[in-house]
Amino acid sequence: MAVNTILLDFAVDKDTVADRHKRELALMNIESALNEFVRNTTKKDFIEMPGGFLQVLTADRGTFITVRGFVQGLISINVEYFREENEPPLFNYELSGNLQEVLSEKLQSTKSRRLPAIKRGTVDRYFVTSDERLLEYDIDEVLFEEKSPYQKVQIVHSKSFGNLLLLDDLQNLSEKDLVYTETLMQRGKENYRDKEIVILGGGDGALLWELLKEQPKFVTMLELDKVVMDACKKYMRSACGNCLDNYNGANYEIIVGDCVKVLDNYIKEGRKFDYVFGDLTDLPISPTPQGEIWDFIRLILKNSLKVLKPDGKYMTHANGASNPDSLVMFEHEFKKLQPPVCFTQDRAFVPSFMEDWVFYQVSFQK
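Conventions and cut-offs
Residues numbered from 1 in each chain as written. Predicted model: local features only at pLDDT ≥ 70, side-chain atom pairs only at ≥ 80, totals over all residues. Heavy atoms only, no water. UniProt positions renumbered as here; feature names shortened; annotations may be inferred. Salt bridge = Lys/Arg side-chain N within 4 Å of Asp/Glu carboxyl O. Buried < 20%, exposed > 50% of the residue type's maximum accessible area, 1.4 Å probe, protein only. Helix = DSSP H or I, 4+ residues; strand = E, 2+ residues; numbered from the N terminus. Domains from an automatic or database assignment. Disulfide = S-S within 2.5 Å. Axes fitted to C-alpha atoms, helices over the stretch in contact; angles between N-to-C directions. Parallel < 35°, antiparallel > 145°, perpendicular 65-115°, else oblique. Left-handed = near helix turned anticlockwise from the far one by under 90°. Contact = heavy atoms within 4.5 Å. Nonpolar A, V, L, I, M, F, W, Y, C, P; charged D, E, K, R; others polar. Core = buried A, V, L, I, M, F, W, Y, C linked by side-chain atoms within 4.5 Å. Polar contact = N/O pair within 3.5 Å; in protein donor to acceptor, adjacent residues only side chain to side chain. Phe/Tyr/Trp six-rings, centres within 6.5 Å; stacked < 30°, edge-to-face > 60°. Lys NZ or Arg CZ within 6 Å of the ring centre and 35° of its normal.

- Per an unreviewed UniProt entry, the protein carries the name Spermine synthase isoform X2 and comes from Thrips palmi.
- One UniProt comment on the protein, placed under Sequence similarities (unreviewed entry), says "Belongs to the spermidine/spermine synthase family."

Written out as structure tokens, the structure is:
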């Protein structure tokens, strides 16, 4: 269930808004046109205001309509009504197009626009791409929601992607996103058999589960947020299997704690690994590589190299391919590392992200 909002905009002659007689005629035409689509459309209030006007109308099914006129030559109409999950829409996209056509003619509009119904309510359906474009998801249920000491953790159900993990209202992983994990680990290109591996982050368990299929010698996963693991253990089993059921297995261990502190201990102990995975935060969108997140990324890069074997690799995700500036800044950080490293880049279209995502593989220069 949700509040559906239909938005229509019409470019009109400025006099249609500024001249009282032309404005009254326009409002009569709008009310008449709306009555063809929503029964019992009735004017409730009119407010003249600096820069234009606002008219309020109501109609059947608890429909609430606002007509906003701007002296610059724009009339904007918002139609809002409540729709139960199985109830037919008052306006589908075709009907809103028909209304747009009727109103364009009545208002003698030179240009008009409409949006599909925006759905608001207790379930979030809108998320953003890495470059902050708006995406609508077919989410129909919230399965889990809890504020951990570190972040807001949710698992929602999408008709297209299955269960979807959200962290601080950002898409993290869905049941349809195996390609994300396989590209991060470069499945088929890297040999993990009998290798020692450490995962920084990875609380959804998907990377650990897929790596264990490759018969490694041992995998250590360092995850800060137990709430994430508990939620995924229950609701994301198609992605994480049973590896989150126990924190110790025959060839793996999950340590709940700060990966920075654990890495520091590994450095002091002289521990070395064949692979280090950075499955942590995405690259931030920023004009320069400055700020707390960038400082954290630099620290992880530097310390990960200190626990890598000479022929080892650091594997990580970055951000969306639509953020080339962030990727260039990230690559510049690689070039400053000591000892010198070389790196390769791969990318894959991740279904629940609805965009290409970029991954890096970093190794020491020979």
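Back to the text.
## Notes on the pattern of salt bridges
- As enumerated under the stated definition, the model contains 22 salt bridges in all.
- We note a salt bridge from E182 to R187, for which the minimum N-O separation is 2.8 Å.
- Look at E182 and you get partly exposed, because its relative accessible area is 28%.
- With its nearest N and O atoms 2.9 Å apart, the salt bridge here joins R298 to D295. Taken together, the residues span about one helical turn, with R298 and D295 both in helix α9 (residues 292-306) at a distance of three residues.

## Topic: the domain arrangement of the protein
- If you check the domain split of the protein, you get domain 1 (2-121), domain 2 (126-172) and domain 3 (174-364).
- The centre of domain 1, based on its C-alpha atoms, is set 50 Å off from the matching centre of domain 3.

## Digging into the state of the cysteines
- Evaluated as defined, the whole model comprises zero disulfides.
- This cysteine, C259, is not joined by any disulfide, and C232 carries the nearest cysteine sulfur, 17 Å off.
- Overall, C259 belongs to the buried group, its relative accessible area being 7%.

## Some points on the packing of helix α8 (residues 259-269) against α9
- One way to put it is that α8 packs onto α9 with a least axis distance of 10 Å and a crossing angle of 30°. Of the possible angle classes, the one that applies to α8 and α9 is roughly parallel. Regarding α8 and α9, the two cross each other, and that crossing is left-handed. Residue-level inspection shows C259, V260, L263, D264 and I267 of α8 in contact with α9, the latter providing F296, L299, I300, N303, S304 and K306.
- Taken together, the residues of the contact of α8 with α9 break down into seven nonpolar, two polar and two charged.

## A short note on the nonpolar core
- The biggest cluster of nonpolar side chains holds 38 residues, and the ones touching the most others in it are L208 and F277.
- Mapping this core onto the domain boundaries places at least three of its residues in each of domain 2 (126-172) and domain 3 (174-364).
- In this structure, L208 is in contact with I199, V219, M221, C243, Y252 and I254, ignoring residues within four places of it in sequence.
- With 30 residues, the next largest nonpolar core counts I300, V307, Y314 and V362 among its residues.

## Some words on the environment of N86
- Mapped onto the elements, N86 comes out in the loop between β5 (74-83) and α3 (93-107).
- In sequence terms N86 and M1 are 85 residues apart; their C-alpha atoms lie 8.1 Å from each other.

## Things to note about the UniProt feature "active site" (unreviewed entry) in the protein
- Here, UniProt's "active site" (unreviewed entry) annotation points to D279.
- Summarising the element assignment, D279 is placed in strand β17 (residues 273-279).
- Using a relative accessible area of 12% as the deciding quantity, one classes D279 as buried.
- Residues in contact with D279, not counting those within four places in the same chain, are Y180, L184, I199, L200, G201, G202, L207 and H317.
- At a separation of 3.5 Å, a polar atom in the side chain of D279 contacts the side chain of Y180.

## Overview of the side chain of Q151
- Looking at where Q151 falls in the secondary structure, it is placed in the loop between β9 (139-147) and β10 (152-158).
- Residue class for Q151 comes out buried when judged on its relative accessible area of 15%.
- Side-chain polar atoms of Q151 contact the side chain of D225, separated by 2.9 Å.
- Residues in contact with Q151, not counting those within four places in the same chain, are E146, L167, D168, D225 and V228.

## A closer look at helix α6 (residues 226-235)
- Within the sequence span of α6, burial applies to V227, V228, M229, A231 and C232.
- At the N-terminal boundary of α6, the capping side chain belongs to D225, with an oxygen 3.1 Å from the backbone nitrogen of V227.

## Looking at unusual backbone geometry
- Each neighbour pair has its own omega, and for Q338 with P339 the value is -5°, a cis peptide bond.
- Residue position: P339 is located in the loop between α10 (324-335) and β19 (341-350).
- Phi is positive for R61, which is not a glycine, with a value near 65°.
- Along the chain, the position of R61 falls in the loop between β3 (52-59) and β4 (63-70).
- Here the phi dihedral of D194 falls at roughly 65°; this positive angle occurs in a residue that is not glycine.
- Locating D194 in the fold gives a position in the loop between α4 (178-184) and β13 (196-201).

## Examining the packing of aromatic side chains
- Here the structure, examined in full by the defined rule, presents 17 aromatic pairs.
- Look at F334 and F343: their rings are 5.0 Å apart centre to centre, the planes differ by 45°, and that puts the pair in the tilted class.
- Centroid distance F343 to Y360: 6.1 Å. Interplanar angle 65°. Geometry classified as edge-to-face. Taken together, the residues span a long stretch of sequence, with F343 in strand β19 and Y360 in strand β20 (residues 355-364) at a distance of 17 residues.
- For Y360, a relative accessible area of 0% puts it in the buried group.
- Pairwise contacts between aromatic rings join Y180, F353, W357 and F359 into one cluster.
- When the ring centre of Y93 is taken as origin, the NZ or CZ atom of R114, which lies over that ring, is 3.7 Å away.

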